[in-house]
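# Breakdown of the fold
The chain contents come next:
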Amino acid sequence: LPPYLCPPPGVSKRDVREKVWDYLEKSGLAEFPRPVHHRIPNFKGSHQACCSIKELDEFSRAREVKVDPDKPLEGVRLAALQARKTLLVPTPRLRTGLFNKIVPPSGATKEILRICATSQGIKEYSVPVGLDGKARVDLVVVGSVAVSEKGWRIGKGEGYADMEYAMMVSMGAVQEDTPVITIVHDCQVVDIAEELLDDHDLTVDYILTPTRTIKTNCRRPKPQGIMWHKISSEMLGKIPILKSLRYREKRAGKDVTLRDEQSASSNATAPAALSEEATAEDRRARTVQGSARREPRSVESRALSSRLEGSGTITTVYVGNIPPGVRVSELKCVLREFQATPLRLNWQGAQRRAFLDYKDQAAAESAVSSLKGCSLGGNTLRVELAKNQRNEGQV
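Everything quoted here is computed from the prediction, not taken from an experiment.

## Digging into the side chain of D357
Positionally, D357 belongs in strand β13 (residues 353-358). Side-chain polar atoms of D357 contact the side chain of T316, separated by 2.6 Å.

In structure tokens form, the structure reads like this:
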């Protein structure tokens, strides 16, 4: 390893990333997509490194494999498909859920399987897996920018691999002994100071390079679930399925206080709008849910109707796959929890659907984004802009 690539004491994760990215580019090891900066870098020999996973007993035994969508892991995705394993790939930036399951067409040829392993194939041959999908992952494969022989990993800095693993723990999709593998070039195996690691960082059990298979024997615990106190409201807003998991864990009695909610409550002089709003929403949810049992069409119905006045062009959102037996009050509670309360709600419980009216298209699209991946009564809701405007049957 070139001496200048060995991180000296006191460097940051960012320093390590920059050194690895720079070296891959300057040495001619970088492959498409270029430049490799700010990516999980693709490198010459990635397919060879991926193929060595077939020699691991952990891969042979695995029936369900989760592999990140990064380009250098394409060979692992292909190997999983060729071995007829269930292949799960996280959705890009977790915008529409957690996993997509790759489903090759019946009688797929080798060439079709190769396409299924690419980013284009993931789009064309995948189906979403919701929180109620009962995923049981036997093997996790992640990309890395740098990794140490001790199993300490540095990603590209956005935290998605760490978050995906924590979410899988929360869903019960992985166990403590579920092996984690990373695929890198030999030059990406560097010394990493332990003080750079945080308790939410994912460690790895195997490192596969074009020339080596390294068993790390890592003893550092992996994340035990979602650390809500480290998640900001901004991140929660960007990842709809994270909202669903938070809602589920909150109902189970877990502490789901966010980072900025904590800082707001601990500092009375700091802006506390977010935590105050959340507390107010909780109070309103309890009050309205209680009154809904007594007067389901009273105060809230009049308030919703009055808010429609002067609201402009109404845009409607369709909500489907509502489980039998779910009440309108439960849906309203979810809408408040996800800050997607409509101007008007048209409840069609017998048809297992509802229509939500918003003041304009921007508000409706924001609600669709917030509710994507949301689970109610064990079902992942189908949420999309409605084809037609429906202005009757107000609740």
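## What to know about the pairing of strand β5 (residues 139-143)
Here β5 lies mainly inside the structure; five of its five residues are buried. Neither face of β5 is exposed, since L139, V141 and G143 on one face and V140 and V142 on the opposite face are all buried. As judged from the three bridges shared by strand β1 (residues 64-67) and β5, these two strands associate in the parallel manner. Across the sheet, K66 pairs through a bridge with V140, a residue of β5. Of the pairings in the sheet, the one linking β5 to strand β8 (residues 180-183) comprises four bridges and is parallel in character. Opposite V140, over in β8, you have V180 as the bridge partner.

## What to know about the packing of aromatic side chains
Aromatic rings considered in pairs are described by the distance between their centres and by the relative angle of their planes. Inspection of the entire model under this criterion finds one aromatic pair. Taken together, a centroid distance of 5.6 Å and an interplanar angle of 55 degrees make the contact between Y318 and F355 tilted. Here F355 lies in strand β13 and Y318 lies in strand β11 (residues 315-320), a separation of 37 residues in the sequence. Residue class for Y318 comes out buried when judged on its relative accessible area of 17%.

## Notes on the pattern of salt bridges
Where side chains of opposite charge bring their charged atoms close, a pairing between them can arise. One pass over the structure, following the stated rule, counts 17 salt bridges. K13 is paired through a salt bridge with D201; the nearest N and O atoms lie 2.7 Å apart. With K13 in helix α1 (residues 13-26) and D201 in the loop between β8 and β9 (206-208), this residue pair connects regions lying 188 residues apart in the sequence. D205 is the partner of K222 in a salt bridge, and the nearest nitrogen-oxygen pair spans 3.1 Å. Note that K222 is positioned in the loop between β10 (213-215) and α8 (233-238) and D205 in the loop between β8 and β9, a separation of 17 residues in sequence. By the burial criterion, K222 is buried, and D205 matches it.

## A word on the confidence of the model for the protein
Across the protein, pLDDT averages 81, with 81% of residues at or above 70. Segment residues 268-311: pLDDT under 50, and 41 contacts once partners within four positions in sequence are set aside and those in other chains are kept. For residues 389-395, every residue scores under 50 in pLDDT, and the model assigns this stretch 27 contacts once sequence neighbours within four places are set aside.

## With respect to the nonpolar core
In a soluble, globular protein the nonpolar side chains are often hidden away together inside. Residues L24, I53, L139, V141, I181 and I183 are the most contacted members of the largest nonpolar core, which totals 49 residues. Aside from chain neighbours lying at most four places away, what touches V141 is I53, V65, K66, V67, D68, L73, V76, I181 and I183.

## Topic: the side chain of R77
Among the secondary structure elements, R77 is positioned in helix α4 (residues 74-82). For the buried R77, which has no salt bridge, the nearest side chain bearing the opposite charge is E74, at an N-O separation of 4.2 Å. For R77, the contacting residues outside a window of four places in its chain are V67, D68, P69, D70, L87, V89, A117, T118 and I122.

## A short note on the environment of K85
Positionally, K85 belongs in the loop between α4 and β2 (86-90). The exposure class assigned to K85 is buried, which follows from its relative accessible area of 12%. It is 5.2 Å that separates the C-alpha atoms of K85 and R63, two residues lying 22 residues apart in sequence. Apart from residues lying up to four places away in sequence, K85 is in contact with F59, S60, A62, R63, V65 and A80. Within the structure, the side chain of K85 is placed 2.8 Å from the backbone oxygen of F59, a separation counted as a polar contact.

## What about the environment of K156?
Tracing the chain through its elements places K156 in the loop between β7 (153-154) and α7 (160-171). On the basis of relative accessibility, which here comes to 31%, the residue K156 falls in the partly exposed class. Each C-alpha atom, one on K156 and one on P41, is 8.9 Å from the other, the two residues being 115 residues apart in sequence. Beyond its immediate chain neighbours, meaning those up to four positions away, K156 contacts R17, W21, H38, R39, I40 and V145.

How each quantity is defined
Residues numbered from 1 in each chain as written. Predicted model: local features only at pLDDT ≥ 70, side-chain atom pairs only at ≥ 80, totals over all residues. Heavy atoms only, no water. Helix = DSSP H or I, 4+ residues; strand = E, 2+ residues; numbered from the N terminus. Polar contact = N/O pair within 3.5 Å; in protein donor to acceptor, adjacent residues only side chain to side chain. Buried < 20%, exposed > 50% of the residue type's maximum accessible area, 1.4 Å probe, protein only. Pairing = 2+ DSSP bridges. Phe/Tyr/Trp six-rings, centres within 6.5 Å; stacked < 30°, edge-to-face > 60°. Salt bridge = Lys/Arg side-chain N within 4 Å of Asp/Glu carboxyl O. pLDDT = per-residue confidence, 0-100. Contact = heavy atoms within 4.5 Å. Core = buried A, V, L, I, M, F, W, Y, C linked by side-chain atoms within 4.5 Å. Lys, Arg positive; Asp, Glu negative; His and termini not counted.

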